[in-house]
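An overview of the molecular structure
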Amino acid sequence: MTVSLEVAEGVGTLRLDRPPMNALDVATQDRLKELAEEATRRDDVRAVVIYGGEKVFAAGADIKEMQAMDHTAMVLRARSLQDSFTAVARIPKPVVAAVTGYALGGGCELALCADYRIAADNAKLGQPEILLGLIPGAGGTQRLPRLVGPSKAKDLIFTGRMVKADEALAIGLVDRVVPAADVYTEAHAWAAKLAQGPALALRAAKESIDTGVETDLDTGLAVERNWFAGLFATEDRERGMKSFVEEGPGKAKFL
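Residues numbered from 1 in each chain as written. Predicted model: local features only at pLDDT ≥ 70, side-chain atom pairs only at ≥ 80, totals over all residues. Heavy atoms only, no water.

Some remarks on a nonpolar patch on the surface
What counts, and what does not: Patch membership requires over 30% relative accessible area and the absence of a salt bridge. Like charges are linked within 9 Å, and nonpolar side chains (Val, Leu, Ile, Met, Phe, Trp, Tyr) within 5 Å. Per-residue and other accessible areas follow the Shrake-Rupley method at a 1.4 Å probe size, with only the shown protein chains counted as cover for residues. What makes a salt bridge here is a side-chain nitrogen of Lys or Arg within 4 Å of a carboxyl oxygen of Asp or Glu, nothing more. Secondary structure is summarised from DSSP: a helix means a run of H or I of at least four residues, a strand means a run of E of at least two, and numbering begins at the N terminus for each.
Taken together, the side chains of Met21, Tyr102 and Met162 make up a nonpolar region of the molecular surface, amounting to roughly 240 Å² of accessible area. By secondary structure assignment, the location of methionine 162 is in strand E8 (residues 162-164).

Below, the structure is given as structure tokens:
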């Protein structure tokens, strides 16, 4: 399989495994969607790491496969391409991308679907589709400007240039840079910590934020308000407040 889902201690690792560069062909895209939806459904998955291995995250789409596709074929395929990435973005649990080596084109777009990105100090990210006479087609023109702002997104997409880890950190494309050998360990630790948290509150926080940045303030506030009130019906809220009153902050156990 080109993508696998391994679960341990509440953390599901979505592992890309299509050597040598984890090129995201149609079969890999479809498998990614299938496993993202599985991670969404499974109660034993409380947080997710997206990982491509020690050498490379994903170097983009399978260009040889795409070269053989004409306009009609891509009209039929483009929605499924986007849907596979959207399935990752809509996992209602904390998701972290552990980025090693290259994260280009579709690889960069996959990293954009995560809530948090930890990159190796030797990582290189970019959207080079313009160099093929194309634009990003798996969400890059939408998620990248939402993350780094329109001007920086246009620079990367118009030029197709790659950015090293330090620049990616400076512009907000990644959130942390660590030694290459530590990327997965650090990403797993981030996910494992959140996997111990209140699952419904984390889901509420993610949905409120993601909805809010895509709509007007009043609509976002309504989403937040409904989730906030709804959480008062949960055992986690009772447990969290009881622990705070009796033991002080930060000591509640939610599992």
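As for unusual backbone geometry
For the bond from proline 19 to proline 20, the omega torsion is 5°, close enough to zero to count as cis. Mapped onto the fold, proline 20 is located in the loop between strand E2 (11-16) and helix H1 (26-41). In the Ramachandran plot, glutamate 9 falls in the positive-phi region, its phi being about 55° despite a non-glycine side chain. Non-glycine residue asparagine 22 carries a positive phi angle of around 55°.

Describing the environment of isoleucine 130
The condition that has to hold: A simple rule labels every residue: compare its accessible area, found with a 1.4 Å probe on the protein chains alone, to the largest value its type can have, and call it buried under 20%, exposed over 50%, or partly exposed in between. It only takes one pair of heavy atoms within 4.5 Å for two residues to be counted as in contact.
Among the structural elements, isoleucine 130 can be located in the loop between strand E7 (124-126) and helix H5 (140-148). Looking at isoleucine 130, the relative accessible area reads 35%, which means it is partly exposed. Taking C-alpha positions, isoleucine 130 is 9.9 Å from glycine 105, a pair spaced 25 residues apart along the chain. Look past the residues within four positions of isoleucine 130 in its chain and what remains in contact with it is Ile157, Phe158, Thr159 and Gly160.

Quick word on the sheet that holds E8
Which entries qualify depends on this criterion: In this analysis, strands are considered paired if DSSP registers two or more bridges between them. Lines fitted to the C-alpha atoms define the axes, with helices restricted to the stretch that makes contact. Angles between their N-to-C directions range from 0 to 180 degrees.
An order of E5-E7-E8 is seen for the three strands of this open sheet, with the pairing classed as mixed. Strand pairing shows two members of the sheet lacking a second neighbour, strand E5 (102-104) and E8, which therefore form its edges. Averaged over all adjacent pairs, the angle separating strand axes in this sheet is 20°, with direction ignored. Of the pairings in the sheet, the one linking E7 to E8 comprises three bridges and is antiparallel in character. Residue glycine 126 lies in a different strand from E8, and its bridge partner there is methionine 162.

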